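Residues per chain, in single letters:
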Amino acid sequence: RLAARGGPNTVFNIANFQPAQTQWLGDAAGNDWQPGGVNPEGLEGQVASLQQRCRTLETERDALADELATAVTLQQKRTAEAQSVPFLKKELAAIRQQQELTLELLGAREEELDDTQLTCEEMRLIFHSEMDRLMEYVPNDKRWKMPALPVPPSERKEESKE
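Caption draft 1: Up close: the overall build of the chain. Summing up its helical and strand segments, the chain has 3 helices and 4 strands in all. In sequence order, the secondary structure elements of the chain are arranged as β-β-β-β-α-α-α. Across the chain, every contact between residues at least 6 apart in sequence was considered, and the portion connecting residues at least 24 apart equals 0%. Accessible surface, the chain as shown: approximately 15200 Å² in total, 57% of it carbon and sulfur.

Caption draft 2: Representation of a negative patch on the surface in the model. Taken together, the side chains of Glu110, Glu111, Asp114 and Asp115 make up a negatively charged region of the molecular surface. Structurally, aspartate 115 is set in helix α2 (residues 85–135). Residue classification places aspartate 115 among the partly exposed positions, given a relative accessible area of 48%.

Caption draft 3: Expanded view of the pattern of salt bridges. Overall, the coordinates contain 5 salt bridges when judged by the stated rule. In this structure, glutamate 121 and arginine 124 form a salt bridge, with 2.7 Å as the shortest nitrogen-oxygen distance. Taken as a pair, glutamate 121 and arginine 124 lie in helix α2 at a separation of 3 residues, close to a single helical turn. Classification of arginine 124 as partly exposed rests on a relative accessible area of 40%. Close ionic contact of arginine 133 with glutamate 130 constitutes a salt bridge, the shortest N to O distance being 2.8 Å. Placement of the pair is arginine 133 and glutamate 130 together in helix α2, with a separation of 3 residues, close to one helical turn. Taking relative accessible area as the criterion, arginine 133 reaches 38% and is therefore assigned partly exposed.

Caption draft 4: Geometry of a nonpolar patch on the surface. Side chains of Phe127, Met131, Leu134 and Tyr137 sit close together on the surface and give an oily, nonpolar patch of about 450 Å² of accessible area. Within the secondary structure, phenylalanine 127 sits in helix α2. Phenylalanine 127 gets classed as partly exposed once you look at its relative accessible area, which sits at 48%.

Caption draft 5: The confidence of the model for the chain, seen in detail. Averaged over every residue, the pLDDT of the chain is 77; the share at 70 or more is 60%. Ranking the elements of the chain by mean pLDDT puts strand β1 (residues 2–3) last, at 40, and α2 first, at 92. Low pLDDT, under 50, characterises residues 1–14; the predicted model gives this stretch 13 contacts beyond four residues in sequence or across chains. Contacts from residues 17–24, a stretch scored under 50 in pLDDT, to residues over four places away or in other chains number 7 contacts.

Analysis parameters
- Residues numbered from 1 in each chain as written.
- Predicted model: local features only at pLDDT ≥ 70, side-chain atom pairs only at ≥ 80, totals over all residues.
- Heavy atoms only, no water.
- Helix = DSSP H or I, 4+ residues; strand = E, 2+ residues; numbered from the N terminus.
- Contact = heavy atoms within 4.5 Å.
- Areas by Shrake-Rupley, 256 points an atom, 1.4 Å probe, with all protein chains shown as cover.
- Patch = residues over 30% accessible without salt bridge, like charges linked within 9 Å, V, L, I, M, F, W, Y side chains within 5 Å.
- Salt bridge = Lys/Arg side-chain N within 4 Å of Asp/Glu carboxyl O.
- Lys, Arg positive; Asp, Glu negative; His and termini not counted.
- Charge placed at Lys NZ, Arg CZ, Asp CG, Glu CD.
- Buried < 20%, exposed > 50% of the residue type's maximum accessible area, 1.4 Å probe, protein only.
- pLDDT = per-residue confidence, 0-100.

If you want it as structure tokens, here you go:
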């Protein structure tokens, strides 16, 4: 169904189309011609103009087809990526849970290490106090005397001379 040129509300069936008047056509240069009378220069100009317009539209069509192909490819890629999102969310949740457990274990290990260091320090103090207490029972004889630090050889010779 087309609207007739008579007005916007006039409607007719395309199968019964009978133009009421002759339509005037023109070429790109503005030369008018009537279908009844042939104007060869105007006709050739109009054909050339229509051929140029066809080439322009074909170029635009090809560019739009390339753009559409690129958009479809990108859309397919994004769809594939979107399908992997639920799996990635589950994997992320598992990794976070594993991280939390690891941090808890690390904290427990640090507590154990601190406890062990305190125990070591206590044992060292106990050992030193016991050694001091036992040294009170050792006779003051030179043969029982033990140096606190290793004595250099030069000092050992002086002790033996005395």
